[in-house]
Amino acid sequence: MGCNGSTLLSTRRAHVIDATIAIAPYASLAARFRAVRCRTLDLVAPLTPEDMMVQSCPEASPVKWHLAHTSWFFESFILREFLPGYKVFHPDFAWLFNSYYQTFAAFPEKRLRSSFSRPALDEILQYRAHVDEAIDRLLDTGSGPAPEALARIELGVHHEEQHQELILTDILHAFFTNPLRPAYKPAAHQPAPESVEPIQLIPHQGGLHEIGHKGAGFCFDNELPRHRVWLEPYALAQRLVTCAEFAEFIADGGYRRPELWLSDGWNAVQELKWRAPLYWDGNGNGASGTSEWSVFTLSGAMSFDQVANSPVSHISHYEADAYAHWAGHRLPTEFEWEAAEATSVCGNLPENLRAQSPAKLVQDHDAAKRWEWTASAYLPYTGFRPLPGSLGEYNGKFMSGQMVLRGGSCCTPPGHIRPSYRNFFAPATRWQFSGIRLAGRCE
Ligand SMILES: [Fe+2]
C-alpha cells in the first residue's frame with residue numbers, strides 16, 4: 001500500500017507495501033481502507049513532529065496519538081481476533097493507545113497524552129505500516145474474512161475518518177495557543193461569499209416522520225433503530241447564522257444579558273469569561289462595530305471582513321441557544337433537522353424560497369458547513385442496542401449530559417456524513433466547528 005502525495009511516507013523510513021497486492025474479492029472495502037489510511041497521512045503532512053506532540057485543551061489529543069490510536073483500533077478489534085498468527089506490533093500499545101474502552105484494557109489518563117514523547121513518531125509510523133500490511137493480508141485470505149471482521153474493518157474506516165476531523169480540530173486549537181499563531185495550510189480557509197441572502201425560515205410539514213438510518217449502508221449503532229416521531233409543523237432557516245450576524249448579538253450586549261441564557265450557560269459565561277466565539281480576538285469596538293475582530297482559522301488569522309459572511313463557528317450549545325433566543329427563534333430538535341431531509345415544505349412558499357429550501361442539509365457546500373447544535377439531548381432511540389462486546393462502549397456510554405449536533409462541518413471527510421448521523425458534545429464545548437441553524441414556528 002503506497003500513499004501518493006504523503007510527505008511522511010516518502011521522507012521517513014515507513015514501510016511501503018507492494019501496491020500490486022490483489023484486493024479482490026473485497027476490493028471496494030480494501031480500496032476504501034487504503035484511501036482512508038493514506039488520507040490521514042496526507043492531512044498530517046504539513047505538520048512537524050513537534051506540532052504533533054501538542055495537546056492544548058482537555059478535549060484535544062496530540063496528532064501523534066491520533067496516528068497511533070487509529071491503528072490500535074484495527075489491531076485490537078480486528079487483527080487480534082481475525083488474522084491467524086497475527087503478531088502485535090508492541091505488547092504495551094494495547095493499553096497505551098486505548099482511548100476509553102474499559103472492558104478491553106486499562107489506559108493512561110487522557111491529559112497525559114502529550115507526555116508520549118516515546119514511542120517516537122517514526123515508530124508510530126512503522127506501527128501504522130505494520131497494521132496496514134496485516135489488514136491487507138486479512139482481506140486477501142482465500143476464503144475471505146469472516147463477515148464480522150469485514151463489518152469491523154468498515155467500522156474502523158469510519159472511526160479513522162472521525163479522527164481525521166479531530167486532527168484538524170485539535171491542530172487548530174494547538175496553533176491558536178501558539179504565540180506565533182502559525183497557519184496549518186495557507187489555502188485551507190475558503191473565502192466567504194461577498195454577500196448572503198437574508199435568513200428565511202422555510203416551513204415544513206409536521207406529522208408522523210421516520211427517524212434513524214435506513215437502507216443497507218453503514219451507520220453507527222446510535223442511528224438505530226429507525227422509529228417514528230410526531231412533529232408539529234415547524235420552520236428551518238435556509239442557511240446558517242453568519243459571523244456578521246453573531247457580531248450584532250455581541251454588540252447588543254448578548255454576553256451581558258442573563259435573560260438570554262440557559263442557567264448553566266450563564267454560569268459558563270461568568271466562569272469562563274466568554275465574550276465572543278472561541279477563535280475571535282479583539283473587542284469589536286471599531287468604527288463599524290466589528291472591524292476590530294480578527295478570527296483565527298486553519299489558514300491563520302483573518303480580518304473580520306474576510307469571514308463576515310461565513311457561518312459563525314466554534315461556539316457552545318449555550319451560545320447557539322442564547323443567539324436563537326435573542327433573534328426571536330430557537331434551535332431545531334434533531335428530529336426536525338432529520339425530517340427536513342425528507343419533508344416537503346408547507347404553506348404557500350414563493351418560488352424563490354422553494355429554491356433555497358434546505359431539503360438536503362448534509363449536501364450543503366463544504367465551505368459553508370458547520371456542525372449544527374440542536375435542542376435535543378443525546379439519548380438512545382427506543383430499542384437502541386449497543387454493539388456487542390467492548391465495541392458497545394463506542395457510543396452508548398456517552399448518552400448522558402451531551403447535546404446532539406447534525407450536519408457535518410467543513411472538516412468532515414467527504415462521504416463520511418449522512419442524514420441520520422448523530423454527533424454529540426457537552427453543551428459547553430467550543431473547540432469543534434459548530435454553528436447555528438435557526439428554527440421556528442410554521443406560520
Ligand atoms: Fe477513537
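Heads up: the structure comes first, above all this text.
### So, the packing of aromatic side chains
Item 1. On inspection of all chains with the given rule, the structure shows 37 aromatic pairs.
Item 2. Between Phe 249 and Trp 261 the ring centres are 6.4 Å apart and the planes differ by 45°, which places this aromatic pair in the tilted class. Placement of the pair is Phe 249 in helix H7 (residues 243–251) and Trp 261 in the loop between H7 and helix H8 (263–272), with a sequence separation of 12 residues. Of the two residues examined, Phe 249 and Trp 261, each falls in the buried class.

### A word on the side chain of Ser 434
Item 1. Examined against the element boundaries, Ser 434 turns out to sit in strand S11 (residues 434–435).
Item 2. Apart from the residues within four sequence positions on either side, Ser 434 is in contact with Val 312, Ser 313, His 314, Ile 315, Arg 370, Trp 371, Trp 373 and Leu 405.

### Some thoughts on the environment of His 317
Item 1. Mapped onto the elements of the fold, His 317 is located in helix H10 (residues 317–326).
Item 2. As a C-alpha pair, His 317 and Arg 430 span 113 residues in sequence and 8.2 Å in three-dimensional space.
Item 3. Other than its neighbours up to four places away in sequence, His 317 contacts Leu 262, Leu 331, Trp 373, Thr 374, Ala 375, Met 403 and Pro 427.

### Structural notes on empty space enclosed by the protein
Item 1. The full count for this structure, using the stated rule, is 2 cavities of 30 Å³ or more.
Item 2. Taken together, Met 53, Pro 62, Lys 64, Trp 65, Phe 97, Arg 113, Ser 114, Phe 116 and Ile 124 form the lining of the second largest cavity.
Item 3. When the residues that make up the lining of the second largest cavity are grouped by side-chain class, the tally is 6 nonpolar, 1 polar and 2 charged.

### Some remarks on the layout of surface pockets
Over the atoms, a rolling probe the size of a water molecule traces out where space has been left empty.
Item 1. Considered as a void within the structure, the largest pocket measures approximately 890 Å³ in volume.
Item 2. In terms of residue class, the lining of the largest pocket is built from 14 nonpolar, 14 polar and 7 charged.

Analysis parameters
Residues numbered from 1 in each chain as written. Predicted model: local features only at pLDDT ≥ 70, side-chain atom pairs only at ≥ 80, totals over all residues. Heavy atoms only, no water. Phe/Tyr/Trp six-rings, centres within 6.5 Å; stacked < 30°, edge-to-face > 60°. Helix = DSSP H or I, 4+ residues; strand = E, 2+ residues; numbered from the N terminus. Buried < 20%, exposed > 50% of the residue type's maximum accessible area, 1.4 Å probe, protein only. Contact = heavy atoms within 4.5 Å. 1 Å grid on protein atoms, 1.4 Å probe; cavity = no way out; pocket = protein on both sides within 12 Å on 5 of 7 lines; lining within 4 Å. Points joined across faces, edges and corners; volume = space filled by probe spheres on them. Nonpolar A, V, L, I, M, F, W, Y, C, P; charged D, E, K, R; others polar.

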